[in-house]
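Each chain is listed here by its residues.
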Amino acid sequence: MKPKSEYDLIIVGSGIAGLSFALNVAKAGYRVAIFTKKDKAESNTNYAQGGIAAVTSAGDDLDKHVEDTLEAGDGLCDPEVVREIMKEGPDRIQDLVDLGVSFSSLGDGRISLGKEGGHSKRRVLHVKDVTGKAIEDALLTAIAKEGVDLFEHYFAIDLITAKKVRKLGFEVEGEEDRVLGLYFYDGVEKQVQTISSPAVLLATGGAGQTYLYTTNPSIATGDGVAMASRAGLSMTNLEFIQFHPTTFHSLNGDRFLITEAVRGEGAKLIDGKGQAFLKKYHPLADLAPRDVVARAIDREMKRSGAPFVRLDTPSMEVNFPDRFPNVFKNCLTRGVNPTENPIPVVPAAHYSCGGIPTGLDCSTQLSGLYACGEVACTGLHGANRLASNSLLEAVVLAHRGSDAVCNFLEGQNGHHIKLPEWLDGDVPASDERVVLSHNLDELKRTMWDYVGIVRSTKRLERAQSRIRNLGREINEYYWNAKVDLPLLEVRNLICVSELIVRSALQRKESRGLHYTLDYPDLAPQAKNVLVQPLNR
């Protein structure tokens, strides 16, 4: 099946945010299409091991969840946003249960609730350690029943806006800038297709692939942020990159995430002498917020010269293979039995707390453009995301945002505008593949070495200089070449990396996930950093 030339709503991304959004809008009778650049189940959601945080037990309450979230966010959360999302959490959990998600339960039938770093109570619902996959599978089944068109191997190149179209001499009614559609690269037919829509949802996930080491799948190339920036939108707080403290250490780069729930069930981080060390850094020790734990591991590794620390899993009282079957299997295939030996772990880039600024209805600065999930910045996470709040944010705001889109579409009268067709370059992208591979390798190493867990102004300035040079090279290449997937992804990665560095240079303090040697203390007042769009 090929895409139609127009839809009421186009969704870019097939994670929990995009799928939840699509389901609600399709139920209202609108024509919805989801485009994903790989397979439909390939998303950050699918790799989410830990779970989804919500208040569902008598021993917990809304105020405690709000307080924990604000504490982790280090002064930059929007308290109103936090409370609204936490308050709606239980209802959205019930929606998932109604769709067939079977959360893990205890022997007496009660829901099994995990505890992760920064949480004062057990409140993380999970499906063993494959929660994201279970939710994604249920949503994919549901949207198929609602007749949502889902297209795999379609890469969104750029948003088509009224402002861009007017510059090309096309007439567009009114004076405001707004979304008109997108250009998509068909990865199977190797051609570009123009598709119009008055409403677009960006649910493209994060940008972990900007770093040399990441827990993210290969698709996490910051596409939504890059597209939105090129469409003229400013970004918020992109410097807050969460490094997951515990990924399996491998010399060949074959890393995978060791969910924080492992520490929630009693595992402790230990040094080369077998000594637990987190108590030196935070009263909550191994259940401290992720930024604290990641910096502590980084400091211990630099102090000892060791390439990793260890997670003491043999001392845990929980039945590891039963509670964490996915982690157990992955460790075994790499030669480590967690019930007999500690797991070697290191931090890796994990989650982007900043992004496209949105309201609680997922709306952005550009009419008709919405954003949901990791690509968006709502004010929930602040300077550091509390573990397992991300899936909660996605389902709550997808519900709210889909209502807003339906109201928006009611006033559109199905009006679509003839859009300019794509004009491709002449040079086959494969002719210059060495340029892409070299630029990508240099970018990832630059971001890891200079824009990592611990930063300095000099390191950031070096990164900015190198990334700008890469940007000029790739921009020249892009406008002359026939596009393909590697070229488009590298273009976006460079764009997002430059925005991250610009945002980091603006923050003259150490707060949450942004720690700089030149400004080790908090500024007197907590402020968001707004980064202007790139002019490319």
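Residues take numbers from 1 onward in each chain, read along the sequence in its written order. Given that this is a predicted model, residues contribute local features only at a pLDDT of at least 70 and side-chain atom pairs are listed and counted only at 80 or more, while totals for whole chains, interfaces and linings are drawn from all residues. Here the side-chain values reflect all heavy atoms present in the structure, with hydrogen atoms and water set aside.

> Quick one: what's the story with the environment of Ile16, residue by residue and with numbers?
We count a stretch as a helix when DSSP gives it H or I for four or more residues in a row; a strand needs E for two or more, and each element gets its number in order from the N terminus. When you line up the elements, Ile16 lands in helix α1 (residues 16-27). Burial classes: relative accessible area under 20% of the type maximum marks a residue as buried, over 50% as exposed, and values in between as partly exposed (1.4 Å probe, protein chains only). Residue Ile16 is classed as buried on the basis of its relative accessible area, which comes to 4%. Ile16 sits 59 residues away from Gly75 along the chain, and the two C-alpha atoms are 28 Å apart.

> Just give me the short version of the sheet that holds strand β13 (residues 268-270), but keep the residues and values in it.
One open sheet holds the 4 strands; their spatial order is β12-β15-β14-β13, and the pairing between them is antiparallel. The open sheet has two edge strands, β12 (241-248) and β13, and neither has a second partner. When the angles between neighbouring strand axes are averaged without regard to direction, this sheet yields 45°. Two strands pair under a simple rule: DSSP has to find at least two bridges between them. In the sheet, strand β14 (residues 309-312) pairs with strand β15 (residues 343-352) via 3 bridges, with the strands oriented antiparallel. Paired with Arg310 across the two strands is Pro344, which belongs to β15. Any two residues whose heavy atoms approach within 4.5 Å at even a single point are treated as in contact. To define axes, lines are fitted to C-alpha atoms, for helices over the stretch in contact only, and angles between the resulting N-to-C directions are given on a 0 to 180 degree scale. The sheet strands contacting helix α8 (residues 290-304) are β12, β13, β14 and β15, and the helix crosses β12 at an angle near 60°.

> Go over the sheet that holds strand β7 (residues 154-161), please, and point to the residues and values.
Here 3 strands make up an open sheet; going across it, the order is β7-β8-β9 and the pairing antiparallel. Strands with a single pairing partner mark the edges of an open sheet, and in this sheet they are β7 and β9 (191-196). When the angles between neighbouring strand axes are averaged without regard to direction, this sheet yields 25°. In this sheet, strand β8 (residues 179-186) lies alongside β7 in antiparallel orientation, the contact comprising 7 bridges. Counterpart to Ala156 in the pairing with β8 is Phe184. Sheet contacts for helix α14 (residues 485-506): β7 and β8; angle to β7, the most-contacted strand, approximately 55°.

> So what's going on with helix α4 (residues 131-145)? Residues and values would help.
Because each turn of an α-helix spans 3.6 residues, side chains separated by three or four positions end up pointing in the same direction. By this rule, a helix spans an expected 1.5 Å times one less than how many residues it contains. Between its first and last C-alpha atoms α4 spans 22 Å; for 15 residues at 1.5 Å apiece the expected length is 21 Å, and the two agree. For α4, the complete set of buried residues consists of Thr131, Gly132, Ile135, Glu136, Ala138, Leu139, Leu140, Ala142 and Ile143. Against α1, β2 (32-36), α3 (79-98), β5 (124-125), β6 (149-152) and α11 (389-410) lie the buried residues of α4. Where α4 ends, the next residue or the one after it, Gly147, has phi of about 75°, a positive value.

> Got a sec to walk through unusual backbone geometry? Specific residues and values, please.
Its identity is not glycine, yet Asp74 carries a phi of approximately 55°, on the positive side. Classification of Asp74 as partly exposed rests on a relative accessible area of 25%. Even without glycine at this site, His153 takes up a positive phi of about 60°. Note on His153: relative accessible area 29%, which makes it partly exposed.

> Which residues make up empty space enclosed by the protein, and what values go with them?
Grid points spaced at 1 Å and placed over the protein atoms alone form the basis of the search, with a cavity being a set where a 1.4 Å probe fits but cannot get out and a pocket an open set showing protein on both sides within 12 Å along at least five of seven lines. Lining residues have an atom within 4 Å of a point. Grid points are joined across faces, edges and corners, and a volume is the space filled by probe spheres set on the points. Under the criterion given, the structure shown has 6 cavities of 30 Å³ or more. If you add up the space inside the largest cavity, you get close to 90 Å³. As for the largest cavity, its lining consists of 17 residues, and the residues nearest its centre are Ala207, Val225, Leu238, Ser352 and Val496. Elements supplying a minimum of two residues to the lining of the largest cavity: α6 (223-230) and α14. The element contributing the most residues to the lining of the largest cavity is α6, with 3 residues. Here the lining of the largest cavity is built from residues that sort into 7 nonpolar, 8 polar and 2 charged. Gly falls in the polar group here, along with every residue not listed as nonpolar (Ala, Val, Leu, Ile, Met, Phe, Trp, Tyr, Cys, Pro) or charged (Asp, Glu, Lys, Arg).

> Could you give me a rundown of the pairing of strand β10 (residues 199-202), with the residues and numbers involved?
Residues Ala199 and Leu201 of β10 are buried on one face, and the alternating residues Val200 and Leu202, pointing to the opposite face, are buried as well. Inspection of the sheet shows strand β1 (residues 9-12) paired to β10 by 4 bridges, in the parallel sense. Within β10, the position partnered with Leu9 by the bridge is Ala199. Across 3 bridges, the pairing between β10 and strand β17 (residues 369-371) is parallel. If you follow Leu202 over to β17, its bridge partner there is Ala371.

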